[in-house]
Amino acid sequence: MDLVLTDQPTAEDEAVVSNGLDDFNLAAGGVQDRKPLAVLLKESGETIGGLTGRTSLGLWFVDLLYLPERLRGSGLGSKILAEAEVEARRRGCLSGIVYTIQFQAPEFYARHGWIEFGRVPVGADRSRVFFRKELRG
């Protein structure tokens, strides 16, 4: 048995870990419902931005949200986030989780009803900011 540290796991490597955890969750909790969730912004058929994340065991995880600079402030970010939230609710999620860096978008998430619940310093002058949002009701 070897431990291998890498910054380039293969799709097969990731599938082994992911599928193993899914199997464990099913055996231990009776549920395996992890599913990707993405809202993509396309221009001429090419993806130029959007949101990626997943839903699992009643939680919606926002992993990434990106818009090209020329589209920021246009309302598209709000539309993308709202569409993903509708889908998360449709999937039965009760809460959402996201983290951002203080120079990225904490104000954006706060404006959309996300509640800050923690900060983790990642340097002398910056922190990761963690948010949650209740999706019930």
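First things first, this report covers the structure right here in the doc. The model shown is predicted, which means the values in this text are computed figures rather than measured ones.

### Some points on the pattern of salt bridges
Within the structure shown, the criterion is met by 10 salt bridges. A salt bridge links Glu87 to Arg90; its shortest N-O distance comes to 2.6 Å. Of this pair, Glu87 and Arg90 both sit in helix H2 (residues 76-90), 3 residues apart, which is roughly one turn of that helix. The exposure class of Arg90 is exposed, given its relative accessible area of 58%. Look at the salt bridges and you will find they share partners, linking Glu85, Arg89 and Lys133 into a network.

### Observations regarding the packing of aromatic side chains
Within this structure, the stated rule accounts for 6 aromatic pairs. An angle of 80° between the planes, with centres 5.9 Å apart, marks the rings of Tyr109 and Trp114 as edge-to-face. Across the pair, exposure class does not vary: Tyr109 and Trp114 are buried alike. When the ring of Tyr109 is compared with that of Phe131, the centres are 6.1 Å apart and the planes differ by 35°; the resulting orientation is tilted. Linking Tyr109 in helix H3 (residues 106-111) with Phe131 in strand E6 (residues 126-134), this pair joins segments that are 22 residues apart in sequence. Classification of Tyr109 by relative accessible area gives buried; the value is 5%. Among the residues examined, Phe131 registers a relative accessible area of 3% and is labelled buried. Taken together, Trp60, Phe108, Tyr109, Trp114 and Phe131 form an aromatic cluster joined through their ring pairs. Seen from the ring of Phe61, Arg54 lies directly overhead, with NZ or CZ sitting 4.3 Å from the centre.

Calculation notes
Sequence positions are assigned chain by chain, starting from 1 and proceeding in written order. Given that this is a predicted model, residues contribute local features only at a pLDDT of at least 70 and side-chain atom pairs are listed and counted only at 80 or more, while totals for whole chains, interfaces and linings are drawn from all residues. Hydrogen atoms and water are omitted, and side-chain values are computed over all heavy atoms in the structure. Within this document, salt bridges are pairs made up of a side-chain nitrogen of Lys or Arg and a carboxyl oxygen of Asp or Glu, the two lying within 4 Å of each other. Helix and strand definitions here come from DSSP, where helices need a minimum of 4 consecutive H or I residues and strands a minimum of 2 consecutive E residues; each element is numbered from the N-terminal end. Think of it in three bands: with a 1.4 Å probe and only protein chains considered, a residue is buried below 20% of the maximum accessible area for its type, exposed above 50%, and partly exposed in between. For Phe, Tyr and Trp, where Trp contributes only its six-membered ring, two rings pair if their centres lie within 6.5 Å, and the inter-plane angle classes them as stacked under 30 degrees, edge-to-face over 60, or tilted in between. We call a charge positioned above a ring when the Lys NZ or Arg CZ atom is no farther than 6 Å from the ring centre and deviates by at most 35 degrees from the ring normal.

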